[in-house]
Structures are given as C-alpha cells and as structure tokens.
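# Fold and geometry: a report
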Amino acid sequence: MALTLEEKLKSLPVSPGVYLHKDEGGRIIYVGKAKNLRNRVRSYFQSGRGHDRKTRELVRRIRDLEFIVTDNEVEALVLESNLIKQHKPRYNVLLKDDKQYPHLKLTINEPFPRVMITRRVQRDGSLYFGPYLPASLARRTIDLINRTFQLRTCDIEIDGRLPRPCLEYHIKRCLGPCVKGLCTPEEYQESVRDVRLFLEGKNRELADEYEGRMTRASEEMRYELAAKYRDLRKTVLAVSEQQKMATTADRDVDIFGYYREGARLALQLFTMREGKIVGRREFFWEDLPEEDFDPSAFLSEVLTQYYSTDYVPREVHVPVDFEDRELLEKALTERKGRRVRILDPQRGEKRDMIALVEKNAQIAFEQRFRVLKPDMERVLEELQEVLELPRFPARIESFDVSNISGAENVAGMVVCENGKMNRAEYRKFRIKTVEGSNDPASMQEAVLRRYRRQLEEGKPLPDLVMIDGGKGQLGAAGVAMRELGLEAIPVVGVVKPPRRHNDISHLLVKGREHDPVFLDSHSAALRFLQMIRDETHRTAVAYHRKRRELRDFTSELTAIPGVGDKRKNRLLRNLGSISRVSNASVAELTPFVGKKTAEEIVEHFTRQRALAEGGAANDADTTSPANAAGEIPTPPTHHPDDPTVMTDETIGDEHIETRLVDPEGDAEDLQPIRAVDHEGKVRSPRRTSRKRGERSTNPHGVKREKLSEADREESGEA
C-alpha cells in the first residue's frame, strides 16, 4: 500500500540528499537539496515559518514527494542540478538562454585528434572550449587553427596506408598523417599540444615555446623549420594583441552581474582568460517573484546549474554572497582538480569589473524587454496620445504600393491587432485601373477596394489606417475614405527622409497635414510604426516580385490559344526545347496537343518568322549608308498613332527606331540597342574571338602590350 504524504514526512531520514515535490498529476514541480532531509522538507509544512508567496503557492500544490539519499552535500548539489535540467520543474529557477552557443571540441581521446564545432557538451573524454559568442567567432577560430596548426579535418581512420594525401595537405591546411612519411605521430601531437594551449588562452606561453623551438632549429641549421616557428609565433602574438579588455595577467575568471525590474531579470556573464575578456553570455527571466526575490538563492541555483557541464575557471566573481558558496566551491574544486574560489568582492578592481558587468546587464535588459518586447498597451497608448486619435488603436491597417515604372503595379496591406501582426488578415491588390507609374492613384484604388468590400461584407474596420507615403498618397487615401463615408477613421502618412528609406522622418495626419508629427528617435511608438511600415513594404515588394517573375518566365507557348501550362509542359518534355517546338510540323505536334492546337502553334511560329524576316529587310533598307545611286535614303515617317513604335530618333546621321513586335505581349521594357559615346557618335560593337559561354582570360580588362615580331618569335608565339 502506497504511503501518504504525512507518512512520508514522518519517515524522512536525517541524511543529506535531494527531494522532489509533485503535484496532483504526479508532475515534479520542485527539486531541492538538503543537508538534513527531515528538517528541510518538514520546514515547508510548518505554518509559522513565514514563507514568501512563491513558496506558499508551491506548498499549496504539493500532493506527493520523493527523496534520494546521498553520501554528502556535494553529491546532493550535483544530483539536484542534473534533476532540474532533466525535469525542468515549474518552481525552480531554470537557467536558459535563447540559443545554445557553440563550443570547440578537441578530441584528445583519438590517436590523431581534431578540432570541430559542437553545440552539445558531453563527457566523452574530449576537451571542450567555449562558449563562443557570437557563433561566427567559433568558425573563425577553427579556420585559424586549420591554417596555422594544420590538424586534420576528416573523420577517416588514420593508419598511414593511404597512397596519397587529399587537397587539404597540398594547400597546407593538414599535416597529412594519413600518408606514411609526411608526418610522424610525435610531430602531430606537438601541434595538438599547441592547439590546446591556444584554445586555453595561454598565448604568451605558446609564443615563448615557439621562440625556443625557433632558436633550436636555427642552431641546427634547419632554417625552413625555424621560419615556420617564427611565423607561428607572430600569428599567436597577433591574436593575443586583439584582446583589448586586458587586466591583470594570469587570471582565469568568470564574472557575473544582473539587473532586475519586477519579475524580469537579465543576467550577464563575462569570461576572462589570462586577464582578457574573451566572451560574454546573456540569460533572461520573465517570471521571477516580484516581492520576495532573494538574490542569494537565485545565484546559488544559477551557478549550480551552469557549472554542472561548462568549463570551470580558477575564480568566480558574484555580486552577492550566497548560502551554498563553500559547498559549490568544494564541488567545483573536485571537478577541476585544483582550488576554485567563489568571491563577492566589495571594493577595488574586482568590484569595478562586477559593476561593468551589471551595466552591460542593464543594457541587455533594456534591449530585451523595452525594445524587443515592449509593453504593447503602453506603446499603443503613447501612439494614441501623440497622434491625438479618438480611440485606442487596437487594429491598425497599413498600405504600400510597389511597381517599376508602372509595370506590374501592385499594393500590399498588413493588419496589426493589439500590437501583433495578424498574417491571416494580410491582403494583396493587383492595381487594375491605373496606367503607368502613379502611386497616389494606385493607393486610392487599393484603399477604395479594401474598405468597399469590408463594408459590403460587414467585416471590422480599423481604428487607424497607415499609408507609406507623403502628402500625395495620403490625400489619395483620404479621397477614397471620403467616397465611402469613412472620414471618421484616422489616416496617417509615414514620410521617409531623403536617401534614408529605412527611417521615418515624420508623420502626417489627414486633416492636419500642415502640422507634421515628429517622434523621438528612441520612442517605442516610433519603433512600433517602423516595424509595421517595414512589414507592409516587404509584403508589397514580395507580391510585386512574384508578379514580375510570372511575367518574365511564362513561356511564349502559353500566348498561343489552346496552349496552357499542361500542354506547354508536355510539348517541352517530349520535344526538348522551344526551338524544336517552333520548327515542328503539324504531324509531329498532333500526338501531344491535338490537330487543331497543333495547327495554331504552326501558324503562330510561321507568323513570327515572317515578322522577323520583314524586320530584317526593313533594317537592311534603313541602315545601309547609301543606295545604288549613292544617295542616303530618307528615314521612314514616324506615325505617332503606331503602337508598335517605341522610340524614333536620329543619332550621328543614323536613324534609330525601336519597334514593339507584339504590342499586347510581355515585352514592356525595350530600350534602343545602339550605344553612343560622349560626342553622340554610335559606338561600334567590340569584336571578340571568345565563343558564347566561354570565360574570359582577361576578366579585368588589363591592357597588354603588343609584342614585336622578334619578341613573338622568342616567346614561341610566331
């Protein structure tokens, strides 16, 4: 028969160990450690203990408990950390960050070790270094190791029996242990020891080692080897000099600092190796107790979890002392194999470094909770106050227009509800009634179509309409709203400064255009509007690009009556190319599209060839310098009502006319095919002996001297 909670409390031992509280569903909601399990666990259920609100809520939910007895407190500390990471109890302080930062792994458990990037730290006999922040630092470091120390990057078994090395050896990024005679095991292990010193940050020690090797090699008259050690020493010293935040040498310290407001907290960790700041790490919490927050208990839990798997330094500096400091020192000392100290300095250089870390923690707090995750209700209230809106802007709809010289004219609209983008409500408009590049008219059409349909279908209207544009677009949107009787809905235009299209200069409110609204550059409302504007622009541009791709990449076949995508794909799959389709006969096309459509296809391409031949004949007549009589022919008269004529001009006594062969087709951006120089003379095309698709042997256009006949004979080119 299972014991009740009261019976378990009576039977608790007085030994050290770990206890696990469970709720009515059997879920573990808290894990703790104790020097005396009986006294510690019973203290939760004593009414006169004066618990904080979090503990009172925890006790109210406890329905069962388990405990694990250990030999000492150190074992209890380690076990508690492992259980917290495994079960992630609700009422424990959980150490978590946004991403798992990479480490560098040196596989010293292999005969020929290698360095690789990993995001999982395991107890597999390898050495782990990191974390590297940002992640690109890990990639740059491993690239430097490959180029400088030349450890292998492959994962094959090394037995020295391969007939030849790979490319990595030839480009001097590997010592080549896979081929016998290229590298001895002793030489390879020497490079491994150097890499270990480098990753541990012992650059000065490594540089001194290289200096000694260089001297010995020089004395033995092995000058190439001495030059190698000289270059390695320079590289190591150059890397060490890049560290700018240097303090006292020979210090291996982790420095913690935090900044807290209410239930939110930002924790910052600076990692110092050999007196130099080599990394930084950030952690955030959003659900800590506001009234009864205990920094000592918080840091105790955080440090216990953090150092359960990560690298252990010589010293750890924390802003406040905590109860289990000596116990954690003992556990870390056993892990590292040498004395580890946890200090809470009160003055001097060490305290100044903690103050610096706390300052960075405050900056991280501001960026995390006030910039990236602001209180949306406060932001919207600020927006309502700044723009003098009649009601709270819970629903904001934003419009933007996108086109290139009027081609593929579209508009995009996004919806923001209570500070969050509602992608299901996004809409895209293909502008139908506007010809050419007319952004105000396009904006008017998009706004009119949007809210006419909303009114017809009885769907909700916005509290604020945003227009990406100045007075022109804002006025056009206002005309559309007035036509629908929606003048009461505020409309605001977002104006960009000259040549800075990612910023916002000021806002224009419809009806008060003469009084622009300027927002502070650090205002959360400004950043909020910028986020909506950027999302609107992205939506409109993405739709425009999609329309343009559909136009540009639609096959000529789909312009033929009776040929759709399926028949087009069938023809290209069976005949292989558009060229073969254009030259095929009715009999060859009939099996795939039917006789009637086959006749349409043959007729279409026959018509195209006739137009092309006629154009060539016209070109021959109009571009020849003189006729048989030696007279320059008169250019043909340009008819303004001819829709096929795009340009008609005379350049350097030569008539240039560009015609659109298919005025209803897809060719919309034709330009004159002749280039002229600064004097207006037509440039003759450059002649090249290079075949189509062949790469140039002189891609940068370097002028080369012409060799004389004697020089060519001497060089063998004659």
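Look a little higher up for the structure.
In this text the structure is predicted, and so the values were computed from the model without any measurement.

As a further point, take the sheet that holds strand β3 (residues 64-69). Spatial strand order, β2-β1-β3: three strands in an open sheet with antiparallel pairing. At either end of the open sheet lies a strand with only one pairing partner, and these are β2 (28-34) and β3. Direction aside, the axes of adjacent strands within the sheet are offset by 20° on average. Where strand β1 (residues 17-22) and β3 come together, six bridges link them in antiparallel fashion. Of the residues in β3, the one forming a bridge with G17 is V69.

This part takes up the nonpolar core. The nonpolar side chains of a soluble globular protein tend to be buried with one another. Residues L106, V115, I145 and V195 are the most contacted members of the largest nonpolar core, which totals 30 residues. Those elements giving two or more residues to this core turn out to be β4 (103-106), β6 (127-129), α5 (135-148), α7 (185-199), α8 (203-219) and α9 (223-241). Ranked by residues supplied to this core, first place goes to α7 with six residues. When sequence neighbours within four positions are dropped, the list of residues in contact with L106 reads P113, R114, V115, S126, L127, F129, L151, V192, V195 and R196.

For the coordinates displayed, the defined rule picks out 17 aromatic pairs. Residues F112 and Y188 carry aromatic rings whose centres are separated by 5.2 Å and whose planes lie at 70° to one another, so their mutual orientation is edge-to-face. Of the two residues, F112 is situated in the loop between β4 and β5 (115-118) and Y188 in helix α7; the sequence distance between them amounts to 76 residues. In this structure, F112 and Y188 share a single accessibility class: buried. These aromatic residues form a ring-pair network of at least three members: F256, F283, Y306 and Y307.

If you check helix α13 (residues 376-387), its first and last C-alpha atoms are 16 Å apart, about what twelve residues at 1.5 Å a residue would give, namely 16 Å. Every buried residue of α13 is listed here: V379, L380, L383 and L387. Burial along α13 is one-sided: seen end-on, the buried residues are contained in an arc of 95°. Opposite the buried face of α13, at more than 90 degrees from it, the exposed residues are R378 and E385.

Another aspect to go through is the side chain of E535. Tracing the backbone shows E535 in helix α16 (residues 524-553). Here R423 takes part through its side chain, which lies 3.2 Å from a polar atom of the side chain of E535. For E535, the side chain forms a polar contact with the side chain of R538, separated by 2.9 Å. With near-sequence residues (within four places) excluded, E535 lies in contact with V414, M421, R423 and Y426.

With that out of the way, let us pick up the sheet that holds β5. With antiparallel pairing, the three strands of this open sheet are ordered in space as β5-β4-β6. The open sheet is flanked by β5 and β6, the only strands paired with a single partner. Strand-to-strand, the axes of this sheet are offset by a mean angle of 30°, without reference to chain direction. Of the strand pairs in this sheet, β4 and β6 are connected by three bridges, and their pairing is antiparallel. Directly across from K105, in β6, lies its bridge partner Y128.

Now for the layout of surface pockets. Any empty space left between the atoms is revealed when a probe the size of a water molecule rolls over them. What the second largest pocket holds in volume is close to 1,000 Å³. Along the walls of the second largest pocket sit 36 residues, with Y30, R40, Y44, A297 and E301 positioned nearest its centre. Counting only elements with at least two residues in the lining of the second largest pocket, the list comes to β2, α2 (37-42), α3 (53-61), α4 (73-87) and α10 (295-306). Counting residues per element, the lining of the second largest pocket draws most heavily on α10, which supplies five residues.

The next subject is the pattern of salt bridges. Using the criterion set out here, one finds 35 salt bridges in the structure. The partner of E110 in a salt bridge is R152, with the nearest N and O atoms 3.2 Å apart. Taken together, the positions of E110 in the loop between β4 and β5 and R152 in the loop between α5 and α6 (167-170) put the pair 42 residues apart, joining distant regions of the chain. Looking at R152, the relative accessible area reads 6%, which means it is buried. Among the ionic pairs, E457 bridges to R453, the shortest N-O distance being 2.8 Å. Of the two residues, E457 and R453 both sit in helix α14 (residues 439-457), four residues apart, roughly one turn of that helix. What makes E457 partly exposed here is its relative accessible area of 38%. Here R453 falls in the exposed class, since its relative accessible area comes to 52%. Residues participating in the shared-partner salt-bridge network are R395, E397, E417, E425 and R450.

Here we take up the packing of α4 against helix α11 (residues 325-336). α11 packs onto α4 with a crossing angle of 85° between their chain directions and a minimal axis gap of 9 Å. Put simply, α4 runs roughly perpendicular to α11. Across the interface between the two elements, E73, V74 and L77 from α4 touch L327, L328, K330, A331 and E334 from α11.

This brings us to unusual backbone geometry. With phi around 60°, K172 is a residue other than glycine that occupies positive phi space. Structurally, K172 can be placed in the loop between α6 and α7. The backbone phi angle of E388 is positive, close to 55°, even though this residue is not glycine. Relative to the helices and strands, E388 is located in the loop between α13 and β12 (395-404).

Tracing the sequence through the fold places A361 in helix α12 (residues 348-372). Relative accessible area serves as the criterion here: at 0%, A361 is assigned to the buried category. When the C-alpha positions of A361 and G257 are compared, they lie 6.6 Å apart, and in sequence the two are 104 residues distant. Apart from the residues lying within four places of it in its own chain, the contact partners of A361 are G257, Y258, Y259, A266 and Q268.

For the rest of this paragraph, the subject is the environment of L144. Within the element layout of this structure, L144 appears in helix α5. On the basis of relative accessibility, which here comes to 16%, the residue L144 falls in the buried class.

Cut-off values and rules
- Residues numbered from 1 in each chain as written.
- Predicted model: local features only at pLDDT ≥ 70, side-chain atom pairs only at ≥ 80, totals over all residues.
- Heavy atoms only, no water.
- Pairing = 2+ DSSP bridges.
- Helix = DSSP H or I, 4+ residues; strand = E, 2+ residues; numbered from the N terminus.
- Axes fitted to C-alpha atoms, helices over the stretch in contact; angles between N-to-C directions.
- Core = buried A, V, L, I, M, F, W, Y, C linked by side-chain atoms within 4.5 Å.
- Buried < 20%, exposed > 50% of the residue type's maximum accessible area, 1.4 Å probe, protein only.
- Contact = heavy atoms within 4.5 Å.
- Phe/Tyr/Trp six-rings, centres within 6.5 Å; stacked < 30°, edge-to-face > 60°.
- Expected span 1.5 Å × (residues − 1).
- Arc of directions from axis to C-beta.
- Polar contact = N/O pair within 3.5 Å; in protein donor to acceptor, adjacent residues only side chain to side chain.
- 1 Å grid on protein atoms, 1.4 Å probe; cavity = no way out; pocket = protein on both sides within 12 Å on 5 of 7 lines; lining within 4 Å.
- Points joined across faces, edges and corners; volume = space filled by probe spheres on them.
- Salt bridge = Lys/Arg side-chain N within 4 Å of Asp/Glu carboxyl O.
- Parallel < 35°, antiparallel > 145°, perpendicular 65-115°, else oblique.

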